[in-house]
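# Tertiary structure, described
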Amino acid sequence: MKTFSNFTSNVFLAPMAGITDAPMRNIVHQKCAHKVNIVSEMVAINALSRKNAKTYKIADVRNEPYPVVVQLVGATPELFADAAQLAVELGASAIDINMGCPVRKITTSGAGSALMKDLKTAEKIIKSVKNAVNKDVSVKFRKGWDENSANAVDFAKMCQDSGASYITIHGRTRTQGYSGVADWNIIEKVKNAVQIPVIGNGDVTSVESAKELIDKTGVDGVMIGRAALGNPWLLGHIFDYLDTGKRPDKISTEEILNTVINHINLLKDYYGESLAVALSRKYVCWYSKNFYDAKKFRENYMKISEYQTALDEIRKYFTSAVREEK
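## Topic: the packing of aromatic side chains
Overall, the coordinates contain 12 aromatic pairs when judged by the stated rule. On the basis of an interplanar angle of 50 degrees and a centroid distance of 5.9 Å, the ring pair of Phe297 and Tyr301 is categorised as tilted. Of the two residues, Phe297 and Tyr301 are both situated in helix α13 (residues 294-301); the distance of 4 residues between them amounts to about one turn of the helix. Among the residues examined, Phe297 registers a relative accessible area of 3% and is labelled buried. Since its relative accessible area comes to 1%, Tyr301 is described here as buried. With centroids separated by 5.8 Å and ring planes inclined at 80 degrees, the aromatic side chains of Phe297 and Phe318 adopt a geometry described as edge-to-face.

Shown next, in the form of structure tokens:
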């Protein structure tokens, strides 16, 4: 297993658009501290280069008291260089290049996983970013566009030859999106094909599956995305389990309640009360997973638009909520 030169952990929070914003990153850091490496939600290079206010705010991580890898998405090598330089000025500890997003809005512009079909442009992008910043540059990509063009191994070699410091591979194709099963065999093949560190991503949902992925594929790190939704403790638990074999203690309902309240307060500080309530709905749904009568609670919560009412409803539910045993 290779080490990451500028990271203290081999566990990574995945970049998730509209989810791993500053409040979510703060929560994960609180629960995991040095046990996790934090990656931002993706930042569009076109909008960042124009200094679009919303995108500029997403990319600005200077006020976060922990390192944040900023992920950039786009398809123009020249703009990538400028955007990477600006991201570093805005506090990025490293730059990750998104070459794996399966969303049609992204791929139709030639970005995200569409770049897996255009290795020449992908190579230019990596080299342009590497030449533009004095930071680690990584690439996140997939198994391939579809099963008939599963070119992850060749793509990984290109990333290495272009100067990538490390790579992350998601074991699904673009056509799979987030459905089906991640192919860990292709992750193993990628790991065996390159000398730079490799992070495995896909179907890591527990401490056991994280260790299983590492044992099976030999990857140097794991990246956790959807499994962390409503469970920001998971990444720290994975770190501890990989490091010492310690199994996690069950998180108390009181701790979950305090975390939900803290999360919505962070949303308020970052977005303002009105937007915070709207954005909190998805997080509240995730935090209430595996509790009895969660469906009714969620239905009630979706109707709430006032900040204090939202807090009251959260306290009311989680104070008396009973968790389903798994």
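Moving on from the model shown.
## Brief notes about the pattern of salt bridges
In the structure shown here, the tally under the stated rule is 12 salt bridges. Its salt-bridge partner being Glu147, residue Lys143 comes within 3.0 Å of it at the nearest N-O pair. When its relative accessible area of 8% is taken as the criterion, Lys143 is described as buried. Salt bridges sharing partners connect three or more residues here, namely Lys143, Glu147 and Asp183.

Parameters and conventions
- Residues numbered from 1 in each chain as written.
- Predicted model: local features only at pLDDT ≥ 70, side-chain atom pairs only at ≥ 80, totals over all residues.
- Heavy atoms only, no water.
- Phe/Tyr/Trp six-rings, centres within 6.5 Å; stacked < 30°, edge-to-face > 60°.
- Helix = DSSP H or I, 4+ residues; strand = E, 2+ residues; numbered from the N terminus.
- Buried < 20%, exposed > 50% of the residue type's maximum accessible area, 1.4 Å probe, protein only.
- Salt bridge = Lys/Arg side-chain N within 4 Å of Asp/Glu carboxyl O.

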